Amino acid sequence: MTEGVQTPSAFTKRVFSGIQPTGHLTLGNYLGALKRFSEVQDQDYETIFCIVDQHAITATFQDPAVLARATRELAAGFIASGIDPAKSVLFNQSQVAEHAQLAWIFNCVARMGWMQRMTQWKDKAGKNAQNASLGLFAYPALMAADILVYHATHVPVGEDQKQHVELTRDIATKFNHDYGVDFFPIAEPVIEGAATRVMSLRDGSKKMSKSDPSDMSRINMTDDADTIAAKIRKARTDPDALPSESKGLEERAEARNLVNIYAALSDTSVDDVLAQVGGKQFSEFKPMLAELAVAKLSPISTEMARLMEHPDEIDAILRKGADQARAVAAPILQRTYDIVGMVR
Ligand code: AMP
Ligand code: TRP
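About the criteria used
- Residues numbered from 1 in each chain as written.
- Chains lettered and ligands numbered in written order.
- Predicted model: local features only at pLDDT ≥ 70, side-chain atom pairs only at ≥ 80, totals over all residues.
- Heavy atoms only, no water.
- Domains from an automatic or database assignment.
- Contact = heavy atoms within 4.5 Å.
- Buried area = accessible area lost by both parts, 1.4 Å probe.
- Salt bridge = Lys/Arg side-chain N within 4 Å of Asp/Glu carboxyl O.
- Polar contact = N/O pair within 3.5 Å; in protein donor to acceptor, adjacent residues only side chain to side chain.
- Helix = DSSP H or I, 4+ residues; strand = E, 2+ residues; numbered from the N terminus.
- Near = heavy atom within 4 Å.
- Areas by Shrake-Rupley, 256 points an atom, 1.4 Å probe, with all protein chains shown as cover.
- Nonpolar A, V, L, I, M, F, W, Y, C, P; charged D, E, K, R; others polar.
- Core = buried A, V, L, I, M, F, W, Y, C linked by side-chain atoms within 4.5 Å.
- Buried < 20%, exposed > 50% of the residue type's maximum accessible area, 1.4 Å probe, protein only.

Let us look at the domain arrangement of the protein chain. Domains assigned within the protein chain are domain 1 (8-197 + 310-340) and domain 2 (215-305). Summarising the inter-unit geometry, the C-alpha centres of domain 1 and domain 2 are found 30 Å apart. Facing the 17 residues of domain 1 at the interface are 17 residues of domain 2. Summed over both sides, the interface of domain 1 with domain 2 buries roughly 1,400 Å², with 73% coming from carbon and sulfur. Our enumeration of links across domain 1 and domain 2 arrives at one salt bridge. Across the salt bridge formed by D267 and K35, the nearest N and O atoms sit 2.6 Å from each other. There are four residue pairs in polar contact (both at pLDDT 80 or more) connecting domain 1 and domain 2. If you list the elements that add at least two residues to the side of domain 1 that touches domain 2, you get helix 1 (27-40) and helix 3 (64-80).

Written out as structure tokens, the structure is:
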């Protein structure tokens, strides 16, 4: 619907992305999100990162103590992965009321039919849609507000969130069209790198997910070295040796996944990895991958554990980030209200 629309050049290059504080962070979150966020922070963008606690309560009831802990743990994960509060704005969504305020306007812009087409809604509500929360249905309008309340132009996400960013573009386009303005940017999803879709270690057709019932399906960022090595050793593979070219991975989802993970962790391309390991058996490749994963992840998990012992430090960072976020969001919300005709 919005294919071909260019980001209006009048907008500052600004990145926004969010992660839900539900469950523990996985290697998928790290490679698909956190690692890329810390890279973009050093490029020519303003960067805003948000722990979306309001999204976290849409799907299932969250125990309050668990939600609060997951919020702090995710903040620790951001910081330990290299997000520097001096360079990026880092905060949790509920501290900046402008998200929910703009989301209400967007609830009145988005159409029921658009929401019903969202694959995440269909997956999460399943056959029991009548019993799903209204918040789960409206989730993508809140996500659009997260992005557009900052006039963000670029949204780094994993493959699974592309449809929601496209819906954000549709909402911006319809708002601009209905009110005859060129106010909201048409934000670009940024889906890059070897690991935009890290798959389950048990099933190469399923995404690695913090909600998978099997802990062996994922590497958690808090796993210790032995656990990481054991999970990689037991990862499902096929009996063949690794190919020397990426074409040879086409019908081999599990093999492809492990090579993608290796490439992403070592900041090289899949072709470069295969040039190095082509012809090797998994019995040889898996220990190499385990060693690399432990080397990259253990400094992060150590720093996360240290931060988690100082929750006050984390809370202070989030409060300061929320103040900075509000300073950007409040004027944009006020201008939106003016456009809509809400008197102040
Ligand atoms: P979630 O854990 O679903 O809240 O996702 C947070 C961020 O991590 C989003 O940008 C996702 O697209 C990304 N992400 C989650 N799981 C994966 C995965 N298995 N592979 C790549 N990216 C992922
Ligand atoms: N829906 C995203 C996810 O589950 C999280 C999210 C909420 C988000 N708001 C966002 C991502 C805004 C990018 C931009 O992964």
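Not every one of the 17 residues close to ligand 1 is listed here, only the nearest: N29, G158, D160, V198 and M208. Between an oxygen atom of ligand 1 and a side-chain N or O atom of N29, the distance comes to 2.9 Å. In the environment of ligand 1, a nitrogen atom lies 2.8 Å from a nitrogen or oxygen atom belonging to the backbone of V198. Here the shell around ligand 1 takes four residues from helix 1, the largest share from any one element.

Let us now look at the site of ligand 2. Within the structure, ligand 2 sits among 13 residues, and Q20, Y139, M143, D146 and Q161 are positioned closest to it. Q20 places a side-chain nitrogen or oxygen 3.1 Å from an oxygen atom of ligand 2. Between ligand 2 and Y139 there is a distance of 2.6 Å, counted from a nitrogen atom to a side-chain nitrogen or oxygen. Surface burial for ligand 2 is 90%, taken as the share of its 370 Å² of free accessible area covered by protein chains. Those elements that provide at least two residues to the shell around ligand 2 are strand 1 (14-19) and helix 7 (134-148). Among the elements that line the shell around ligand 2, the one with the most residues is helix 7, at four residues. Residues of the shell around ligand 2, tallied by class, amount to seven nonpolar, five polar and one charged.

Membership of the largest hydrophobic core comes to 56 residues, with the highest contact counts inside it found for L27, Y30, L31, F78 and F285. Of all the elements, helix 12 (residues 282-308) adds the most residues to this core, at eleven residues. Counting contributing residues per domain, this core is built from domain 1 (8-197 + 310-340) and domain 2 (215-305), each supplying no fewer than three. Once residues lying within four places of it in the same chain are set aside, the contact partners of L31 are R36, A195, V198, I261, A264 and L265.

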